[in-house]
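What the coordinates show
For reference, the chains in residue letters:
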Amino acid sequence: MMANPKEIRLSRWWMGGVASAAAACFTQPLDTIKVHQQTQQVSKLSVVRLTMNVIKRDGFLALNHGLTAAVLRQLTYSTTRFAVYEVSKEHIAKPGEKIPFYQKVGIAAVGGIIGGFIGTPADLINVRMQNDIKLPVERRRNYRHVFDGLWRVYKEEGFRQLFSGASTATGRSVFMTIGQLSFYDHFKTLLLGVDFQDNLTTHFLASLAAGGVATTLTQPIDVIKTRTMNAKPGEYKNMWHVITHTAKLGPTGFFKGYVLRFIRLAPHTILTFVFYEQLRLNFGIVTFS
């Protein structure tokens with residue numbers, strides 16, 4: 001006698017982007033301070049001092065500067081990488097079947113490459129808008145919103161400048177997607193295998209662990225990406241110049257903002273997957289194993 005088939009809820013292609021964009025609305029202040037910390041070269045202000053300086057100079061709402069760019073970045077970058085990852089998994093195995101971890105890493109890397117490149121223009125504007133508020137008034141770019149920023153970069157600096165830092169953004173995206181998606185998937189599978197249920201507790205624990213892995217994998221390249229995107233035209237000769245300039249701070253220069261980034265990335269990862277799983281469980285595609 002055949003057992004009753006088990007109902008499974010599959011995600012839809014757009015859910016990862018929507019979940020990530022929603023998470024960005026909560027974590028943008030932490031990301032703003034992270035950018036400020038990473039772009040310091042001489043002074044070494046603490047996180048608290050950086051935060052107070054921003055609030056004192058421009059007000060509390062300045063911590064959310066660049067939010068439109070952060071949301072657009074997630075809607076392009078994360079929608080793509082989640083879609084590639086989930087669609088690829090569905091083609092590799094039937095619903096309910098386990099996929100080897102190395103295959104999860106492989107498809108996450110592919111999704112990261114595509115998503116990282118597509119999300120570069122919005123990421124560029126996000127970094128610039130966040131860093132703008134620490135500059136003297138006469139040196140600020142003063143983008144009104146992400147679309148104003150995209151248009152002005154295209155008009156004033158050329159189309160190619162929209163993809164400034166694309167190589168580092170794409171490399172970072174590969175490691176980020178591996179750290180978040182494949183490791184979250186793996187940790188969740190491990191938890192479900194030891195009698196955890198497909199619920200909020202499992203989603204929280206798996207995403208917290210994935211956030212730690214993603215932070216460690218991407219921190220050095222994230223510092224380089226931030227410096228590249230924030231640079232004025234001609235400030236750096238090439239990528240090696242950015243690396244050597246950062247190296248003057250010592251090995252820790254490549255891990256500037258690590259704690260803050262984990263404090264920012266862990267909540268963002270947790271919120272992303274909590275929102276994502278709720279969308280999947282409530283609005284996902286119903287199938288049976």
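Residues numbered from 1 in each chain as written. Predicted model: local features only at pLDDT ≥ 70, side-chain atom pairs only at ≥ 80, totals over all residues. Heavy atoms only, no water.

Regarding the pattern of salt bridges
Under the defined criterion, the tally for this structure stands at 13 salt bridges. The residue E7 makes a salt bridge to R9 at a minimum N-O spacing of 3.7 Å. Take R9: its relative accessible area is 26%, and that puts it in the partly exposed class. Connected through salt bridges with shared partners, the residues K188, D198, E277 and R280 form a single ionic network. (Salt bridge = Lys/Arg side-chain N within 4 Å of Asp/Glu carboxyl O. Buried < 20%, exposed > 50% of the residue type's maximum accessible area, 1.4 Å probe, protein only.)

Section: unusual backbone geometry
Phi is positive for N142, which is not a glycine, with a value near 60°. Tracing the backbone shows N142 in the loop between α5 (120-132) and α6 (146-157). For N142, a relative accessible area of 47% puts it in the partly exposed group. A positive phi angle is found at D195, which is not glycine, with a value near 75°. Within the fold, D195 resides in the loop between α7 (166-192) and α8 (200-230). (Helix = DSSP H or I, 4+ residues; strand = E, 2+ residues; numbered from the N terminus.)

As for the confidence of the model for the protein
Close inspection of predicted coordinates is inappropriate for parts of the model with low pLDDT. Mean pLDDT over the protein: 88, with 96% of residues reaching 70 or higher. Across the protein, element-level confidence peaks in helix α4 (residues 101-118) with a mean pLDDT of 97 and bottoms out in helix α2 (residues 47-58) with 79. (pLDDT = per-residue confidence, 0-100.)

What to know about α2
If you check α2, its first and last C-alpha atoms are 17 Å apart, about what 12 residues at 1.5 Å a residue would give, namely 16 Å. Every buried residue of α2 is listed here: L50, T51 and V54. The buried residues of α2 all sit within an arc of 100° when viewed along its axis, so they share a single face. Those residues of α2 that are exposed and aimed more than 90 degrees away from the buried face are V48 and K56. Trailing α2 by a residue or two, G59 shows a phi angle of about 95°, which is positive. (Expected span 1.5 Å × (residues − 1). Arc of directions from axis to C-beta.)

Topic: the packing of α7 against helix α10 (residues 258-283)
Close contact between α7 and α10 brings their axes to 12 Å; oriented N to C, the two are set at 55°. With respect to α10, the axis of α7 lies oblique. Here the hand of the crossing between α7 and α10 comes out right-handed. Two secondary-structure elements touch here, α7 through R172, M176, Q180, L181, Y184 and K188 and α10 through R261, L265, T269, F273, E277 and R280. Residue composition of the contact of α7 with α10, grouped by class: five nonpolar, two polar and five charged. (Axes fitted to C-alpha atoms, helices over the stretch in contact; angles between N-to-C directions. Parallel < 35°, antiparallel > 145°, perpendicular 65-115°, else oblique. Left-handed = near helix turned anticlockwise from the far one by under 90°. Contact = heavy atoms within 4.5 Å. Nonpolar A, V, L, I, M, F, W, Y, C, P; charged D, E, K, R; others polar.)

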